[in-house]
Amino acid sequence: MTFKLKQPVGLEYNHDLDDVSKTKKALSSLGHFEIPKYGMTKFPDRPLFDGVKRFQRSRGLREDGVMKPGGPTARELVKELAGRADGSRTGKGTGRAGR
């Protein structure tokens, strides 16, 4: 799965709906996004932001629910997805703060 954001994902941002869908699918594939009873939509929602926070926590990143293009959370997500694609698991984050 190729993962690249066009715009930030976070509660206080305007969202690209393709970014929202890609982020939900990526987080779900890694076990960090719980699909709500109403299903997986292309719209930003609380489960998305909670999933970003869960992922950040698991990687030792600043837990703010924000993912920016090229930022630490997006870079870690790309690494984790790449590790899953090649059959390996990447290690826990370095504890760096950031988004």
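Structural data are supplied above this passage.
Residues numbered from 1 in each chain as written. Predicted model: local features only at pLDDT ≥ 70, side-chain atom pairs only at ≥ 80, totals over all residues. Heavy atoms only, no water.

A. Just the overall build of the chain, in detail. On a plain count of helices and strands, the chain comes out with three helices and zero strands. When the helices and strands of the chain are listed from N to C terminus, the series reads α-α-α. For the chain, the share of sequence-separated contacts (at least 6 apart) that also reach a separation of at least 24 residues comes to 49%. Surface summary for the chain: the accessible area is close to 5,500 Å², and the carbon and sulfur share equals 51%. (Helix = DSSP H or I, 4+ residues; strand = E, 2+ residues; numbered from the N terminus. Contact = heavy atoms within 4.5 Å. Areas by Shrake-Rupley, 256 points an atom, 1.4 Å probe, with all protein chains shown as cover.)

B. A look at the pattern of salt bridges. A full pass over the atoms with the stated rule returns ten salt bridges. The shortest N-O distance in the salt bridge between R59 and E80 comes to 3.0 Å. Taken together, the residues R59 in helix α2 (residues 46–59) and E80 in helix α3 (residues 72–85) connect sequence positions 21 residues apart. Here R59 falls in the buried class, since its relative accessible area comes to 6%. Residue class for E80 comes out buried when judged on its relative accessible area of 5%. Here E76 ties to K79 by a salt bridge, and the two come within 3.1 Å at their closest N and O atoms. Taken together, the positions of E76 and K79, both in helix α3 and three residues apart, correspond to about one turn of that helix. Classification of K79 as partly exposed rests on a relative accessible area of 42%. (Salt bridge = Lys/Arg side-chain N within 4 Å of Asp/Glu carboxyl O. Buried < 20%, exposed > 50% of the residue type's maximum accessible area, 1.4 Å probe, protein only.)

C. Up close: the nonpolar core. F3, L27, L48, M67 and L77 are the most contacted members of the largest nonpolar core, which totals 16 residues. With four residues, the top contributor of residues to this core is α2. (Core = buried A, V, L, I, M, F, W, Y, C linked by side-chain atoms within 4.5 Å.)

D. Representation of the side chain of K24 within the structure. In this fold, K24 is placed in helix α1 (residues 17–29). For K24, a relative accessible area of 0% gives the class buried. A polar contact of 3.1 Å, which involves the side chain of K24, links it to the side chain of D45. (Polar contact = N/O pair within 3.5 Å; in protein donor to acceptor, adjacent residues only side chain to side chain.)

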